[in-house]
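# Breakdown of the fold
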Amino acid sequence: MNLHLFNTLSGQMEELVPMDGQTLRMYACGPTVYDYGHIGNFRTFLQVDVLRRFLKLTGMKLRHVMNITDVDDKIIRNAAAAGIAIGEYTPRYVDAFFEDLDALRVERPEAIARATENIDRMVELIQKLAAVGAAYQTDDGSWYFRLSAFPAYGKLSKKDLSGMEDGARVDVDEYEKDSARDFALWKAARPGETAWDTMIGRGRPGWHIECSAMSMAYLGDSFDLHAGGEDLMFPHHENEIAQSETVTHKPLARHWMHVRFLLVDGRKMAKSEGNFYTLRDLLLKGYKASAIRLALISVPYRHQLNFTFDGLIEATNAIDRLRTFYARLTQGTFAAGENPAMQSAAKKAQTEFMAALANDLNTAEARAPIFDLVRAANAAMDQGKLFTGDRDEILPVLKDFDAVFDVIEDRDAEPTRHAIAWAQQAGRTADVAPELLARQSLTDDAIEKLVTERTVAKKQRNFARADQIRNELAEKGVILEDSKDGVRWKRK
RNA sequence: GGCGCGGUACCCAAGUGGUAAGGGAGAGGUCUGCAAAACCUUUAUGCGCCGGUUCGAUCCCGGCCCGCGCCUCCA
């Protein structure tokens, strides 16, 4: 089942296939490491993760490259404010970024490219641009891309720049650019700023040149897919195209994918709006990493996602339903045999799940057949009409679902513990939800012990004591479920 | 101003030219020592409003209203 993905460049749905017939080469813009990642960043990375995982599920080989922008104006500014070198400043945010990706179960790309480790390649590219007259240096030593050298500019974002007069809205007097819309390739060093001494002068790279140089180095002149947040379409990706294609005369990427921004409570997330959340903020409030993951991927990537706390609770409950079902299926005992209705239900779910994702990664649609299957199988189990042969058909469907969604297996304890430890270390203990600390205080062993005690009490028909234990556990966020196969407990 | 997106039940959210997936929440019931879980029933004659095309439109076309995004650093 091949993926049909909307291509921003053509404005159409197109089948995504590797141009070399073997490995899909893709480049996705990564973070600028000047602060902790927020949920908007992660929506994009998560949607790219869904893409990755689905492609792998269809058997495709991938070479996915992500850049890390570890030098830019904000980094230089923040590092200076902290009184440290950028090389000291960025690692903590790089580490935090990967921790957050792990928490959200975002797979690592095949390669990570760091800007500061690829300065030479950027300089080379600027030299090539200069050689064909597409780059020029201004008196202060900065280099600019001459937009007039690339007539196709605007093809991705469908912008017609002809109506934009030089100087109309753009500050032209800052540097002596030939045209106001020419963009920086290389920024000359100002006193005290981080800079590299290179063939084209002392300075630091512009943001756009980074991606052109690195995608070329890691993936070649032309590759299959370029992805990123919708805001990057213009000017970032447009500039990448101009830089790369001016030199190579080949399409930078055949296919472009842009993930729409998420809103928070119906507004664009912004610090000034007071609706700005990092992943860590949410974990410390007591939301599970899996719920955040599911909430951020359940709305298809081309639609705005309105992020709300209600949405997180809903995701939490939906995951709970899946996990309960999975536990019932794997821990229950079934008679040998098959139920034809369940056999076909499993096949149907599998087919519809894959078809939904193949259709422009429609994650919302992909969930439906899985939940249909859950209901049908639960009903069959209630009636004793689910057999080992059925279980063996259903489990692979859940496995495929989790190969993409990755929320059924409960790995939520670690990210939360990690976030709490981080908060304590960072002096943000006040941000940790009190009930979270209370829950952390109860160990699995302690829970098991109480559960056993309750089982004994129940056998003695001492229901008062049994209920007392259950309530006690409930107060600490532990829910008990009695069944004929024993007691299952879970943390809220 | 330019470009673009959306308005589907209490909430979130798919979707199709032939009469509305799924999730969450609520209500009633079955089961249970009681719960929880699970299951069953239930919650849009209706998909922003008004026209048009059509045998038939939520889905196509036009207009309008509302919300949002991008156009500057931004995932």
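As the structure is a computational prediction, the values presented were derived from the model and not from experiment.

### Examining the sheet that holds strand S15 (residues 305-307)
- As summarised here, the arrangement of the three strands in space is S14-S13-S15, forming an open sheet in which the pairing is mixed. The open sheet has two free edges, formed respectively by strand S14 (267-268) and S15, since each of these has just one partner strand.
- The pairing of strand S13 (residues 262-264) with S14 spans two bridges and is antiparallel. The partner of Val264 across the bridge, within S14, is Arg267.
- Contacting S13 and S15, helix H1 (residues 39-57) crosses the sheet at an angle of about 150° to S13.

### Observations regarding the pattern of salt bridges
- Within the structure shown, the criterion is met by 41 salt bridges.
- For Glu414, the salt bridge goes to Arg417, with nearest N and O atoms at 3.0 Å. Within this pair, Glu414 and its partner Arg417 are both found in helix H13 (residues 413-425), separated by three residues, close to a single helical turn.
- According to the relative accessible area criterion, Glu414 is partly exposed, its value standing at 43%.
- Given a relative accessible area of 45%, Arg417 falls into the partly exposed group.
- The network of salt bridges with shared partners includes Asp49, Arg53, Arg105, Arg293, Asp406, Glu409 and Arg411.

### A short note on the domain arrangement of chain A
- Entries for chain A in the domain assignment read domain 1 (4-259), domain 2 (267-404) and domain 3 (442-491).
- Taken residue by residue, the interface counts seven residues in domain 2 and five residues in domain 3.
- Buried area between domain 2 and domain 3, summed over both chains or domains, comes out near 430 Å², and the portion from carbon and sulfur atoms is 32%.
- At the boundary of domain 2 and domain 3, one finds one salt bridge.
- Its salt-bridge partner being Asp320, residue Lys490 comes within 2.9 Å of it at the nearest N-O pair.

Criteria and thresholds
- Residues numbered from 1 in each chain as written.
- Chains lettered and ligands numbered in written order.
- Predicted model: local features only at pLDDT ≥ 70, side-chain atom pairs only at ≥ 80, totals over all residues.
- Heavy atoms only, no water.
- Pairing = 2+ DSSP bridges.
- Helix = DSSP H or I, 4+ residues; strand = E, 2+ residues; numbered from the N terminus.
- Contact = heavy atoms within 4.5 Å.
- Axes fitted to C-alpha atoms, helices over the stretch in contact; angles between N-to-C directions.
- Salt bridge = Lys/Arg side-chain N within 4 Å of Asp/Glu carboxyl O.
- Buried < 20%, exposed > 50% of the residue type's maximum accessible area, 1.4 Å probe, protein only.
- Domains from an automatic or database assignment.
- Buried area = accessible area lost by both parts, 1.4 Å probe.

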